[in-house]
Amino acid sequence: MAARCPTHRRGPALAVLLAAAALGASARVQPLPPPAPGVDPAQIERTAPRLAGPDDPALAAELQHLRALAAGGGTASRQAAWRLALLHLNGIVPGTRPGEARRWMTQAYTQGETMAAAGLAWCAIEACDGGAADPAAARRWIAALRAVDAPRAQYLEWLLGERLAPPSAAPHAGSDAAAHRQEARQQALLARAARGGNAAARIEQGFAQLAEDRPEDAARSFESAAARSPAAAANVQLLRQRLAPLPAPRSRAASAGEQWLAMAQRFHRGEGVPANFAEAIRLYQLAAQAGNVQAQRMLALITSRPAPGGQIDVAWMRELAALDIASAWPRPDVAAPAALPLQRDRTPLFDLLPPRWRQEPPLLR
């Protein structure tokens, strides 16, 4: 992973891949840091549970039953406390008070649920009780987790390293060598966690591969975690849609959409006629309505970067005039804004939820 590389440049393949999704992007939830280098953090989402309606007495009863079990003793109490910890930690229970997840996680761990060390490490890193992060406590819980779930421990250790990485500053003697050593260590941690099957690590690996202009590899990374992660499943579906090649022309005889497209490109580029961007857009719209995929893609690019006030950005239109929209990717000298709504799961413990809460988690009342 090219973590924190100051000279990273988004590649051309990624540029159009991201821009093509501009019209369909909708930020349902807030971004979860840290972003992968070269991937717009404002377009990374957390999976959001579906709100349960007021007529969900079965869900409320289940939550009440778990609390009653957790107040008892023995194995049932440990399992109920662990389940409640996961529900609170992942935001499934509405109105969760700060520290509620940590309280249930601590009870579960004290009663013998060793996997709760993962939640306690996450709380120490993310300050889930509303206080300050505690790196020293995070390291202790990560160490306890290694014997139980080494890949998850490696991912959390990687995440802690990302949180503790200093902001970019003026270089000083020895700083480059130290930064390279830390970067190599971070890469190794994430790679080991991903190889071990950790879903969160494979999602981060996918972000890194996108930043390196390797969308096919990123799709495979997301796909490998899709069975346990709704975020990964959404990411791979979106990437596969964007990676689908444009259809080849059906014949030499141009369809109506192709004719409109050809006329739009003439006005866009000023080929044989004076350049007229407004007329070009009108013709692109006619071609798009006729089902022309190239025109639809061009309109998505045009609208992805409006001028102030929502007007046409003339400079952007001039850049797009040089774009060969028939190709899968644009020319290397044409940049486009990032607008791909990628997702992360809410926490690195999301995959430990029962499947029915993990796939379409309702909010318990």
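Scroll up to find the structure.
What counts and what doesn't
- Residues numbered from 1 in each chain as written.
- Predicted model: local features only at pLDDT ≥ 70, side-chain atom pairs only at ≥ 80, totals over all residues.
- Heavy atoms only, no water.
- Salt bridge = Lys/Arg side-chain N within 4 Å of Asp/Glu carboxyl O.
- Helix = DSSP H or I, 4+ residues; strand = E, 2+ residues; numbered from the N terminus.
- Expected span 1.5 Å × (residues − 1).
- Buried < 20%, exposed > 50% of the residue type's maximum accessible area, 1.4 Å probe, protein only.
- Polar contact = N/O pair within 3.5 Å; in protein donor to acceptor, adjacent residues only side chain to side chain.
- Phe/Tyr/Trp six-rings, centres within 6.5 Å; stacked < 30°, edge-to-face > 60°.
- Core = buried A, V, L, I, M, F, W, Y, C linked by side-chain atoms within 4.5 Å.
- Contact = heavy atoms within 4.5 Å.
- Axes fitted to C-alpha atoms, helices over the stretch in contact; angles between N-to-C directions.
- Parallel < 35°, antiparallel > 145°, perpendicular 65-115°, else oblique.
- Left-handed = near helix turned anticlockwise from the far one by under 90°.
- Nonpolar A, V, L, I, M, F, W, Y, C, P; charged D, E, K, R; others polar.

A. Expanded view of the pattern of salt bridges. A complete count under the given rule lists 16 salt bridges for this structure. Through salt bridges that share partners, Asp149, Arg152, Arg228 and Asp351 make up one connected network.

B. Main features of helix H9 (residues 199-211). In this model, H9 (13 residues) spans 19 Å end to end at C-alpha, consistent with the 18 Å of a helix rising 1.5 Å per residue. Of all 13 residues making up H9, 12 are buried, and the element is well covered by its neighbours. At the N-terminal end of H9, a side-chain oxygen is found 3.2 Å from the backbone nitrogen of Ala200, two or three residues along, and the residue is Asn198. Note on H9: the residue one or two positions beyond its end, Asp213, has a positive phi of about 65°.

C. A look at the packing of aromatic side chains. Summed over the entire model, instances satisfying the criterion amount to 3 aromatic pairs. When the centroid spacing of 4.9 Å and the interplanar angle of 85° are considered together, the rings of Tyr109 and Trp141 count as edge-to-face. Taken as a pair, Tyr109 in helix H4 (residues 100-110) and Trp141 in helix H6 (residues 135-146) lie far apart in primary sequence, 32 residues in all. Ring geometry for Phe207 and Phe222: centres 5.7 Å apart, planes at 65°, overall edge-to-face.

D. Layout of the nonpolar core. In this structure, Trp82, Met105, Tyr155, Leu156 and Leu349 are the most contacted members of the largest nonpolar core, which totals 47 residues. Sorting the residues of this core by element identifies helix H2 (57-70), helix H3 (74-89), H4, helix H5 (116-126), H6, helix H7 (150-164), helix H8 (175-195) and H9 as the ones contributing at least two each. Tallying contributions element by element places H5 first for this core, with 9 residues. Each residue touching Met105, except ones within four places of it in the same chain, is listed here: Trp82, Ala85, Leu86, Leu89, Ala116, Gly119, Leu120 and Leu349. Among the nonpolar cores identified, the runner-up in size contains 19 residues, and Leu261, Ile281, Ala288 and Leu301 belong to it.

E. Spatial organisation of the packing of H6 against H7. Following both chains from N to C, one finds H6 and H7 inclined at 165°, their axes separated by 8 Å at the closest point. Classified by the interaxial angle, the pair formed by H6 and H7 is roughly antiparallel. H7 is crossed by H6, and the crossing has left-handed handedness. Residue-level inspection shows Pro135, Ala138, Arg139, Ile142, Leu145 and Arg146 of H6 in contact with H7, the latter providing Ala150, Arg152, Ala153, Leu156, Glu157, Leu160 and Leu164. Residue composition of the contact of H6 with H7, grouped by class: 9 nonpolar, no polar and 4 charged.

F. Structural detail: unusual backbone geometry. Even without glycine at this site, Ala127 takes up a positive phi of about 55°. Tracing the backbone shows Ala127 in the loop between H5 and H6. Since its relative accessible area comes to 14%, Ala127 is described here as buried.

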